[in-house]
Amino acid sequence: MTLSDAVYAWLGAGALLAAVLPRVVAGRPLSLPVVFLTSGVLVYVLPLSLPEVDPVEQRLVTEHVTEICVITALMGAGLALNRPVGRRSWSSAWRLLGVTMPVTVVLTALVACWLLGWPPAAALLLAAVLAPTDPVLASEVRVGEPTEDMHDEDEVRFALTSEAGLNDGLAFPLVYAAIALAAAAGHGWSTEWIGAWAAEDVVFKCVVGVVSGLLVGKVLGWMFFRTRSSTLRLAEYREGFVALAATFLAYGVTELVGGYGFLAVFTTACAVRAAERAHGFHNVLHDFVEQIERLLTATLLFLLGAFIALGGLAPLTWQGAVTGMLLLLVIRPLAGWIGLLGGSLGNGERRVVASFGVRGIGSLYYLAYALGQQDFLVPQRELWAVVTFTVLVSVVLHGVTAGPVVLRLDRWRTARPSDPGEKHGGEPRGAPASDARP
């Protein structure tokens, strides 16, 4: 038996498990990410001759594989959202982006500076890569398949899905800020980079990302649903792989013109969705993307487990572990609660959204990318250890709790009296806070 034979056998078993496990673990204190991460650890502690897994030495491969996984998940998230984009209808998303994300970054960076003693650039990088809610691993708390009803989504799932779709793109300016700070100041602090960063990395690239995504989405929406040519009207042929074409086209074109491809992919998906909301082709596209995403996720989590088994957490200090735990258990829940104050969510729903800031594949991508751009004067393996530990805890913590919590929330929502003032989520007016606990 050769090494390649064993790899083929594991790939086949993994693909089969990726198809079966979602139904096996549904509603249970377990999730597909937990299973595959654990499998990677268990397989690599066996005395077998297996390929080395090291994101530090294999940085470029890690960057591109995680990049493909994230943009695929972003397309799936955008296609699944039924609700049209609007100031009020997306208020939960705007609050999570405008308040929760900056608060999370500031508090995490301060903790890293104080507890780890890292220079400001490295602390900011850690905060930036761990800030976004991951669209890949949040499947238990994401919206389901596309439907014709624009108000079919409950507010908890909508808030987490829309946040994950947008903040993965908006984390890039923060990563670039860390890169610019490292280049300008090294161990210290500098402000000379802020002007150029704000103009190019915040304003220009975000605007280009949104505009490019809208243009690509509108063109594809017209081609899929409205063109008079039956040859080009691809919705009639129900070929799901077109979703990958849309994903790579939006991402590649936007990156070529200097914008944020992550932001463009999610925007493209929303624009395609808006072109014809009631067409069944959206389900075909969404289902195909979801299957590809599930396979990529299973593979990456298995490899992450392998990295852990091979000593990936060896450079982790107790200060790094405490930093990750504080982010997951204190900083994100606190920032989420603050950001959602005054919104339409009830207390119980607000607690769920605030607590389920899943960290995952997106964080691995941003770290691999940033370490290819600049030296942050902190050992790379220590950075990888802190991020890997945080992702590991998030996968286990959120994977074990997501199913039961969401099922309980659904039961509570179904059992309570309907309220005409509750169109996009929130508690019935006058309901006591204790009744809203999921």
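Whatever comes next refers back to the structure up there.
Residues numbered from 1 in each chain as written. Predicted model: local features only at pLDDT ≥ 70, side-chain atom pairs only at ≥ 80, totals over all residues. Heavy atoms only, no water.

Student: How should the overall build of the chain be read in this particular structure?
Tutor: Scanning the chain for helices and strands turns up 14 helices and zero strands. When the 438 residues of the chain are sorted by exposure, 55% land in the buried category. Long-range pairs, those at least 24 residues apart, make up 82% of the contacts in the chain between residues at least 6 apart in sequence. Carbon together with sulfur atoms contributes 65% to the accessible area of the chain, which is approximately 18000 Å² in total. (Helix = DSSP H or I, 4+ residues; strand = E, 2+ residues; numbered from the N terminus. Buried < 20%, exposed > 50% of the residue type's maximum accessible area, 1.4 Å probe, protein only. Contact = heavy atoms within 4.5 Å. Areas by Shrake-Rupley, 256 points an atom, 1.4 Å probe, with all protein chains shown as cover.)

Student: Whenever I open this one, the side chain of Thr297 confuses me. Can you help?
Tutor: Tracing the backbone shows Thr297 in helix α10 (residues 281-312). Polar side-chain contacts of Thr297 include one of 2.7 Å to the backbone oxygen of Glu293. (Polar contact = N/O pair within 3.5 Å; in protein donor to acceptor, adjacent residues only side chain to side chain.)

Student: Looking at this model, I keep getting lost on the packing of aromatic side chains. Mind explaining?
Tutor: Pairs of aromatic rings are described using the distance from one ring centre to the other and the angle between the two planes. Counted under the stated rule, the structure contains 21 aromatic pairs. Taken together, Phe172, Tyr176, Tyr251, Tyr260, Phe262, Tyr365, Tyr366 and Tyr369 form an aromatic cluster joined through their ring pairs. In this structure, Arg83 is placed above the aromatic ring of Phe158, and the distance from its NZ or CZ to the ring centre is 3.9 Å. A cation over an aromatic ring shows up here: Arg350 above the ring of Trp337, its NZ or CZ 4.7 Å from the ring centre. (Phe/Tyr/Trp six-rings, centres within 6.5 Å; stacked < 30°, edge-to-face > 60°. Lys NZ or Arg CZ within 6 Å of the ring centre and 35° of its normal.)

Student: How do you make sense of the environment of Val211 when you look at a structure like this?
Tutor: Take Val211: it is sitting in helix α7 (residues 194-226). In the structure, Val211 is positioned 48 residues away from Gly259 in sequence and 9.1 Å away in space, judged by C-alpha atoms.

Student: Where do I start with the pattern of salt bridges in this structure?
Tutor: Considering all chains together, one arrives at five salt bridges under this definition. Here Asp54 and Arg381 are joined by a salt bridge, their closest N and O atoms 2.7 Å apart. Of this pair, Asp54 sits in the loop between α2 (32-44) and α3 (59-80) while Arg381 sits in helix α14 (residues 380-415), placing them 327 residues apart in sequence. According to the relative accessible area criterion, Arg381 is partly exposed, its value standing at 35%. The partner of Glu63 in a salt bridge is Arg59, with the nearest N and O atoms 2.7 Å apart. Within this pair, Glu63 and its partner Arg59 are both found in helix α3, separated by four residues, close to a single helical turn. A network of salt bridges, in which partner residues are shared, links Asp54, Glu57 and Arg381. (Salt bridge = Lys/Arg side-chain N within 4 Å of Asp/Glu carboxyl O.)

Student: Would you take a moment to explain the packing of α3 against helix α8 (residues 242-256) for this structure?
Tutor: Two quantities define a packed helix pair, namely the angle between the axes and the distance from one axis to the other. It is at 10 Å that the axes of α3 and α8 come closest, and there the two elements cross at 115°. The angle between α3 and α8 places the two elements in the roughly perpendicular class. When you trace α3 past α8, the crossing you get is right-handed. Judged by residue contacts, Glu67, Ile68, Ile71, Thr72 and Met75 of α3 engage Ala243, Ala246, Thr247, Phe248 and Tyr251 from α8. Along the lines of polarity and charge, the residues of the contact of α3 with α8 split into seven nonpolar, two polar and one charged. (Axes fitted to C-alpha atoms, helices over the stretch in contact; angles between N-to-C directions. Parallel < 35°, antiparallel > 145°, perpendicular 65-115°, else oblique. Left-handed = near helix turned anticlockwise from the far one by under 90°. Nonpolar A, V, L, I, M, F, W, Y, C, P; charged D, E, K, R; others polar.)

Student: Can you help me understand the nonpolar core in this one?
Tutor: Of all hydrophobic cores here, the largest spans 103 residues; its most connected members are Leu125, Phe262 and Phe376. With residues up to four places along the chain from it excluded, the contact list for Phe376 reads Pro119, Ala121, Ala122, Leu125, Ala178, Ile179, Ala182, Ala370 and Leu371. Membership of the second largest hydrophobic core comes to 12 residues, among which are Leu96, Val352, Ala402 and Trp412. (Core = buried A, V, L, I, M, F, W, Y, C linked by side-chain atoms within 4.5 Å.)

Student: Would you mind going over a nonpolar patch on the surface with me for this structure?
Tutor: Residues Leu42, Val45, Leu46 and Leu48 make up a contiguous nonpolar surface patch of about 380 Å² in total accessible area. Checked against the element boundaries, Leu46 lands in the loop between α2 and α3. By relative accessible area, which is 45% here, Leu46 ends up partly exposed. (Patch = residues over 30% accessible without salt bridge, like charges linked within 9 Å, V, L, I, M, F, W, Y side chains within 5 Å.)

Student: Explanation requested: helix α6 (residues 155-185) in the structure shown.
Tutor: Residues three or four positions apart in an α-helix share a direction because the helix packs 3.6 residues into each turn. Relative to the 45 Å expected for 31 residues at 1.5 Å per residue, α6 spans 43 Å between its end C-alpha atoms, a close match to the ideal helical length. Of all the bends in α6, the greatest measures close to 35° and is centred on Asn167. Counting buried positions along α6 yields 26 of 31 residues, so the element is predominantly enclosed. (Expected span 1.5 Å × (residues − 1). Bend = angle between axes of the 7 residues up to and from the residue.)

Student: How do you make sense of unusual backbone geometry when you look at a structure like this?
Tutor: One non-glycine residue, Leu377, adopts positive backbone phi at about 60°. Note on placement: Leu377 falls in the loop between α13 (361-371) and α14.

Student: How should I be thinking about the environment of His282 in this particular structure?
Tutor: By secondary structure assignment, the location of His282 is in helix α10. In the structure, His282 is positioned 10 residues away from Val272 in sequence and 8.6 Å away in space, judged by C-alpha atoms.

Student: Got a minute to help me understand the packing of α7 against α8 in this structure?
Tutor: At their nearest, the axes of α7 and α8 sit 9 Å apart, and the two run at 150° to each other. You can see that α7 and α8 cross each other, and the crossing is right-handed. Contact residues: α7 offers Val208, Gly209, Ser212, Val216, Leu220 and Phe224, while α8 offers Val242, Ala246, Leu249, Ala250, Val253 and Thr254.

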